Amino acid sequence: MFESRYSEVTRRLAVEDSGAWDVHDRAREMEREGQDVILLCVGDPDFRTPEPIIDNAVSYLRVGRTHYSPALGEMKLRRAVADMETQTSPHPCSAEEVAIFPGATNALHAVMSCLLDPGDEVVIPEPMYVGYGTIMSCLMAKVIAVPLLAERDFALDLTAIKQAVNARTRVVFVNTPGNPTGSIIPRAELAELADFCRQRNVWLVCDEVYSMFSYQGRHRSLRACAAHLDNVVMVDGLSKSHAMSGWRVGWAVAPRELIQRLGNYAAATLFGCPQFIQDASAFALENDQRYVQEMREEYRQRRDLVLSELKKLDSLHCHVPRAGMFIMCDVSGSGLSGRDFSSQLLDAEGVSVVPGDAFGPSAASCVRIGLAQPRHVLGKACQRIQRFCDSL
Ligand SMILES: Cc1ncc(COP(=O)(O)O)c(C=O)c1O
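Below is a summary of the structure that appears in this document. Source: prediction; values computed, not measured.

1. Let's talk about empty space enclosed by the protein
Moving on, step 1. Inspection of every chain in the model, using the stated rule, returns three cavities of 30 Å³ or more.
Moving on, step 2. Roughly 160 Å³ of volume is contained in the largest cavity.
Moving on, step 3. Within the residue set of the lining of the largest cavity, elements represented by two or more residues are β3 (121–126) and β5 (169–175).
Moving on, step 4. Here the element with the most residues in the lining of the largest cavity is β5; it accounts for three residues.
Moving on, step 5. A breakdown of the residues in the lining of the largest cavity according to their chemical character gives 14 nonpolar, five polar and no charged.

2. Some remarks on the environment of Val 123
Moving on, step 1. Mapped onto the elements of the fold, Val 123 is located in strand β3.
Moving on, step 2. Between the C-alpha atom of Val 123 and that of Glu 189, which follows or precedes it by 66 residues, the distance is 16 Å.
Moving on, step 3. The contact partners of Val 123, leaving out residues within four places of it in the chain, are Ile 144, Val 146, Ile 161, Ala 164, Val 165, Thr 169, Val 171, Val 172 and Phe 173.

3. Some points on the site of the ligand
Moving on, step 1. Around the ligand, the structure places 13 residues, and the nearest of them are Ala 104, Thr 105, Asn 179, Asp 207 and Ser 239.
Moving on, step 2. In this structure, a nitrogen atom belonging to the ligand sits 2.6 Å away from a side-chain N or O atom of Asp 207.
Moving on, step 3. Taking Tyr 210, its side chain carries an N or O atom lying 2.7 Å from an oxygen atom of the ligand.
Moving on, step 4. With respect to the pocket detection grid, the ligand is positioned in the second largest pocket.
Moving on, step 5. When grouped by side-chain class, the residues that make up the shell around the ligand number five nonpolar, five polar and three charged.

4. Describing the sheet that holds β3
Moving on, step 1. The mixed open sheet is built from seven strands, whose spatial order is β2-β8-β7-β6-β5-β3-β4. The open sheet is flanked by β2 (98–101) and β4 (142–147), the only strands paired with a single partner. Between one strand and the next, the sheet's axes are offset by a mean angle of 20 degrees, whatever the strand orientation.
Moving on, step 2. Across four bridges, strand β7 (residues 232–237) lies against strand β8 (residues 250–253) in antiparallel orientation.

5. With respect to the layout of surface pockets
If a probe the size of a water molecule is rolled over the atoms, the empty space left behind becomes visible.
Moving on, step 1. If you add up the space inside the largest pocket, you get close to 660 Å³.
Moving on, step 2. Considering the residues around the largest pocket, the lining is formed by 26 residues, among which Met 84, Thr 88, Ser 211, Met 212 and Gln 289 are closest to the centre.
Moving on, step 3. Where the lining of the largest pocket is concerned, the elements lending two or more residues are α4 (75–88), β7, α11 (275–286) and α12 (289–310).
Moving on, step 4. Counting residues per element, the lining of the largest pocket draws most heavily on α4, at six residues.
Moving on, step 5. Residue composition of the lining of the largest pocket, by class: eight nonpolar, eight polar and 10 charged.
Moving on, step 6. Roughly 420 Å³ of internal volume is contained in the second largest pocket.

6. Let's talk about the packing of aromatic side chains
Moving on, step 1. Enumeration according to the criterion identifies seven aromatic pairs in this entry.
Moving on, step 2. Geometrically, the ring pair formed by Phe 47 and Tyr 299 is edge-to-face, given 5.3 Å between the ring centres and 85 degrees between the ring planes. Of this pair, Phe 47 sits in the loop between β1 (38–39) and α3 (51–62) while Tyr 299 sits in helix α12, placing them 252 residues apart in sequence.
Moving on, step 3. The buried category is assigned to Tyr 299, whose relative accessible area is 0%.
Moving on, step 4. Aromatic side chains Tyr 210 and Phe 326 sit 5.9 Å apart centroid to centroid with 80 degrees between the ring planes, which places their arrangement in the edge-to-face category. Of the two residues, Tyr 210 sits in the loop between β6 (203–207) and α9 (222–225) while Phe 326 sits in strand β10 (residues 326–330), which places them 116 residues apart along the sequence.
Moving on, step 5. Looking at Phe 326, the relative accessible area reads 2%, which means it is buried.
Moving on, step 6. Note that Arg 368 overlies the ring of Phe 326, its terminal NZ or CZ placed 3.7 Å from the centroid.

7. Details of the sheet that holds strand β12 (residues 354–355)
Moving on, step 1. Spatial strand order, β9-β10-β13-β12: four strands in an open sheet with antiparallel pairing. The sheet is open, and its two borders are formed by β9 (317–319) and β12, each paired with just one other strand.
Moving on, step 2. In terms of strand pairing, β12 meets strand β13 (residues 366–370) through two bridges, oriented antiparallel. Looking at β13, one finds that Val 354 is bridged to Arg 368.
Moving on, step 3. Running over the sheet, helix α13 (residues 338–349) touches β12 and β13 and is turned about 50 degrees from β13.

Reading the values: the criteria
- Residues numbered from 1 in each chain as written.
- Predicted model: local features only at pLDDT ≥ 70, side-chain atom pairs only at ≥ 80, totals over all residues.
- Heavy atoms only, no water.
- 1 Å grid on protein atoms, 1.4 Å probe; cavity = no way out; pocket = protein on both sides within 12 Å on 5 of 7 lines; lining within 4 Å.
- Points joined across faces, edges and corners; volume = space filled by probe spheres on them.
- Helix = DSSP H or I, 4+ residues; strand = E, 2+ residues; numbered from the N terminus.
- Nonpolar A, V, L, I, M, F, W, Y, C, P; charged D, E, K, R; others polar.
- Contact = heavy atoms within 4.5 Å.
- Near = heavy atom within 4 Å.
- Polar contact = N/O pair within 3.5 Å; in protein donor to acceptor, adjacent residues only side chain to side chain.
- Sits in = over half its atoms within 2 Å of the grid points.
- Pairing = 2+ DSSP bridges.
- Axes fitted to C-alpha atoms, helices over the stretch in contact; angles between N-to-C directions.
- Phe/Tyr/Trp six-rings, centres within 6.5 Å; stacked < 30°, edge-to-face > 60°.
- Buried < 20%, exposed > 50% of the residue type's maximum accessible area, 1.4 Å probe, protein only.
- Lys NZ or Arg CZ within 6 Å of the ring centre and 35° of its normal.

What follows is the structure in structure tokens.
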């Protein structure tokens, strides 16, 4: 009789559950049963991938771009990313500083795999994107979560981050524009943090997947802000900006030596990403001005709609997001925690939002409202939220 035995990693991942998707999973179940449910949990854009990108991918499929590709990615796409970085930063970027991965999640996993040994500490501001915990858990890295203050709209606390860095710290990991908070780290703070990390011999990694959706203030990439690039890594992708979450395209921009190591890692784990998808992704980056702008404008209008509707309720306080696809709403005035609010809101009105504590204890009084729904659906959701608050 075979006795199945599994690795420690599988055990760690099985217990690693912040309960982030409990409400969402229940909402999906209710939807399957035919109930009228509005899902505001996910960060998957509701827009279709722009038609020209789809046509481009199909044309590359037809000419046979269906074979293996280099581990670090197709030169054409690496160059397109490098050109974009060169345009937005005082530092020129070459294709040799870019590695392509199937999504930012995979890029982050690969980067952290090349930087961290078990037991190394990673300093991350909290609330943080739920995907970070599982990456660190896979690698047995220790997350040192630095709380951000709701009173300061979850702005980066440079002093607290610096205090959290010690001899065991290998990486400081930030996210701007931020999920779930929608905050943007100002240029001067990113520059200071990069410089501090460099002096302390620590890597600074920045997740910038919402880079193209800023509404107030301009997003500046870590590479654009840092004076030196030898300790900085930037990760981005097309999931959000181009409504291409299912295509799985992301990248890391990093010093050449790290890129070489990422190449070895990618060769061992991925053996390349699909050619036709990379072709169409290069096309997407080179021809995206109009539709990225249109999507950004639509998200802005959705954000403004939800903010103005929920402002009418005394028991709720929304943090105004400067960027991204989410609104953090403090529900403590309702007398409920974020978790109870989200659970009861689903039961009472069929609206699913994410409890804030899924992103860390600093957001326990909040719920995260996603903007990946058309305006008329968001309007209906706000009415239901109002009715729920009135009933409390
Ligand atoms: C902050 C952040 N990083 C990374 C990701 C995942 O991006 P990708 O689809 O490119 O793996 C998400 C998705 O929600 C996110 O919010």
